[in-house]
Amino acid sequence: MRALPFHGGQSSAASTWSLWGRPCRSCERRYHGCAPHGLWKIGRGRRRAGTRPSGLIGRSWAMVFAAGGFKVKLYDIAQQQLTSALENIRKQMKELEESGFLKGTLSAEQQLALISICTDLKAAVEGATFIQECTPENLELKKKIFGQLDLIVDDKVILSSSTSCLLPSKLFTGLKHVKQCIVSHPVNPPYFVPLVEIVPHPETDPSTTERTYALMKKIGQSPVKLNREIEGFVLNRLQYAVISEAWRLVGEGVVSPTDLDLVMSDGLGMRYAFIGPLETMHLNAEGNV
């Protein structure tokens, strides 16, 4: 199987794909899980994966799939973007190996040998079984990308998005291959944070969800399946519930910002790093929360 990362270049301002290399509004506003990203793909036959390399998410996905033994193809319209991405990935992998934190059973050189680059879209997606989009949170840009992919993929490939906030129904409705479409939202950066939210379109075939879930498990991620789409998915709904209450407590003078953060870092954060809120309630002292 092959994976392929797609990312947009900054060299051609007039090109649609050049937008892929720009920071998105979410990044600028420091929202969760956003960075300049692109696309990655996994193909048939020998294990192959692809991603868009210039952004943090795209590079991380490339590294995750290479660590899992997948051949990875990086796609971009700009050769320099691809070259820079490979250099960045090589540096990260070497540092991880030296510090003992490199994932997988292969050496850094063996993992790097699985990653190649491509500047031709059709060639990039040829033979793919899984394509992951990692572009900025721009609905029209994402729809245009999936519209282009919809014209050149077969009836077996999975078309997946890394979006952290756009509903599948907004992204995929009207596509010929809508049954093969799904959101696989990673937590930034996916190389170090394994959670992936799998969110189906109302018309997504159940087999697409199951195949995506199995693939994420295979590469060492921790996927969770949403039964239906919902604004904010699950992670961000929980995250912003905490953030909202944190702002209220600080704003009303109940606690200082420093102590509020301490409550999370030295209290709830330590607890929730190991077990979730429902398991906490189950295991807590009887009659207490």
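Residues numbered from 1 in each chain as written. Predicted model: local features only at pLDDT ≥ 70, side-chain atom pairs only at ≥ 80, totals over all residues. Heavy atoms only, no water.

1. Quick notes on the overall build of the chain
Which entries qualify depends on this criterion: By definition, any uninterrupted DSSP run of H or I lasting at least four residues is a helix, any uninterrupted run of E lasting at least two residues is a strand, and each is numbered from the N terminus. Throughout this description, buried means an accessible area under 20% of the type-specific maximum (1.4 Å probe, protein chains only), exposed means over 50%, and partly exposed covers the range between. Working rule for contacts: check all heavy atoms of both residues, and any pair within 4.5 Å makes them a contact.
For the chain, the count of helices and strands is 11 helices and 10 strands. Among the 289 residues that make up the chain, the fraction classed as buried is 46%. If you take every contact in the chain between residues at least 6 apart in sequence, the share linking residues at least 24 apart comes to 67%.

2. Some points on the environment of Gly127
Within the element layout of this structure, Gly127 appears in the loop between helix 5 (121–125) and strand 6 (128–133). As for Gly127 and Val157, which are separated by 30 residues in sequence, their C-alpha atoms are 8.6 Å apart.

3. Here's the deal with the pairing of strand 9 (residues 195–200)
For clarity, the cut-off: A pair of strands counts as paired when DSSP detects no fewer than two bridges linking them. Look down the strands so they point away from you; if going from the first strand over the helix to the second traces a clockwise path, that crossover is right-handed.
With five of six residues buried, strand 9 lies mostly within the body of the structure. Across five bridges, the pairing between strand 8 (residues 181–186) and strand 9 is antiparallel. By the bridge assignment, Ile182 is partnered in strand 9 with Pro200. Note: strand 9 against strand 10 (residues 222–225), four bridges, orientation parallel. Residue Leu195 lies in a different strand from strand 10, and its bridge partner there is Ser222. Taken together, strand 9, helix 8 (residues 206–218) and strand 10 form a β-α-β motif whose crossover is right-handed.

4. Structural notes on the packing of helix 9 (residues 235–251) against helix 10 (residues 257–272)
Our working rule: Here, axes are lines fitted to C-alpha atoms. For helices the fit covers the stretch in contact, and angles between N-to-C directions go from 0 to 180 degrees. Crossing handedness: left-handed means the near helix sits turned counterclockwise from the far one by under a right angle, and right-handed means the same turn made clockwise. Note that Gly is not counted as nonpolar here; it falls among the polar residues with everything else outside the nonpolar set of Ala, Val, Leu, Ile, Met, Phe, Trp, Tyr, Cys and Pro and the charged set of Asp, Glu, Lys and Arg.
Two numbers describe how helix 9 lies on helix 10: the axes approach to 10 Å, and their chain directions differ by 145°. Seen from above, helix 9 lies across helix 10 with right-handed handedness. In contact with Val242, Ala246, Leu249 and Val250 of helix 9, helix 10 contributes Pro257, Leu260 and Met264. Here the contact of helix 9 with helix 10 is composed, by residue class, of seven nonpolar, no polar and no charged.

5. Overview of the side chain of Ser161
Looking at the secondary structure, you find Ser161 in strand 7 (residues 158–161). On the accessibility criterion, Ser161 (0% relative accessible area) is buried. If near-sequence neighbours (up to four positions away) are discounted, Ser161 is found in contact with Gln132, Glu133, Lys142, Phe146, Leu171, Phe172, Ile182, Val183, Ser184 and His185.

6. Considering the pattern of salt bridges
Definition in use: Take a side-chain nitrogen of Lys or Arg and a carboxyl oxygen of Asp or Glu: if they are within 4 Å of each other, that pair is a salt bridge.
The tally for this structure, following the rule as stated, stands at six salt bridges. Residues Arg90 and Glu109 are paired through a salt bridge, measuring 3.3 Å at the closest nitrogen-oxygen approach. On the criterion of sequence distance, the pair formed by Arg90 in helix 3 (residues 79–99) and Glu109 in helix 4 (residues 108–113) is long-range, its members being 19 residues apart. In this structure, the salt-bridge partner of Arg248 is Glu245, at a minimum N-O distance of 2.4 Å. Here Arg248 and its partner Glu245 are both found in helix 9, three residues apart, which amounts to about one turn of the helix. A relative accessible area of 38% places Arg248 in the partly exposed class. Take Glu245: its relative accessible area is 33%, and that puts it in the partly exposed class.

7. Describing helix 3
Counted only if it meets this: Multiply 1.5 Å by the residue count of a helix minus one, and that product is the helix's expected span. Here the arc refers to the directions that run from the helix axis out to each C-beta atom.
Compared with an ideal rise of 1.5 Å per residue, which puts 21 residues at 30 Å, helix 3 spans 30 Å between its outermost C-alpha atoms and is within 8% of the ideal. Buried within helix 3 we find Gln81, Leu82, Ala85, Ile89, Met93 and Leu96. What you see down the axis of helix 3 is that its buried residues fit within an arc of 95°, all on one side. In helix 3, the exposed positions that point more than 90 degrees away from the buried face belong to Gln80, Glu87, Lys91 and Glu98. The secondary structure elements touched by the buried residues of helix 3 are helix 2 (56–67), strand 4 (71–75), helix 4 and strand 5 (115–118).

8. Brief notes about the nonpolar core
Heads up, the rule is: By nonpolar core we mean a set of buried residues, namely Ala, Val, Leu, Ile, Met, Phe, Trp, Tyr and Cys, connected to one another through side-chain atoms within 4.5 Å.
Counting 29 residues, the largest nonpolar core has Trp61, Leu74, Ile89 and Met93 as its most contacted members. Of all the secondary structure elements, the ones that give two or more residues to this core are helix 2, strand 4, helix 3, helix 4, strand 9 and helix 8. Top contributing element to this core by residue count: helix 2, with seven residues. Cys118, Ala128, Leu226 and Phe233 belong to the second-largest nonpolar core, a separate cluster that totals 25 residues.

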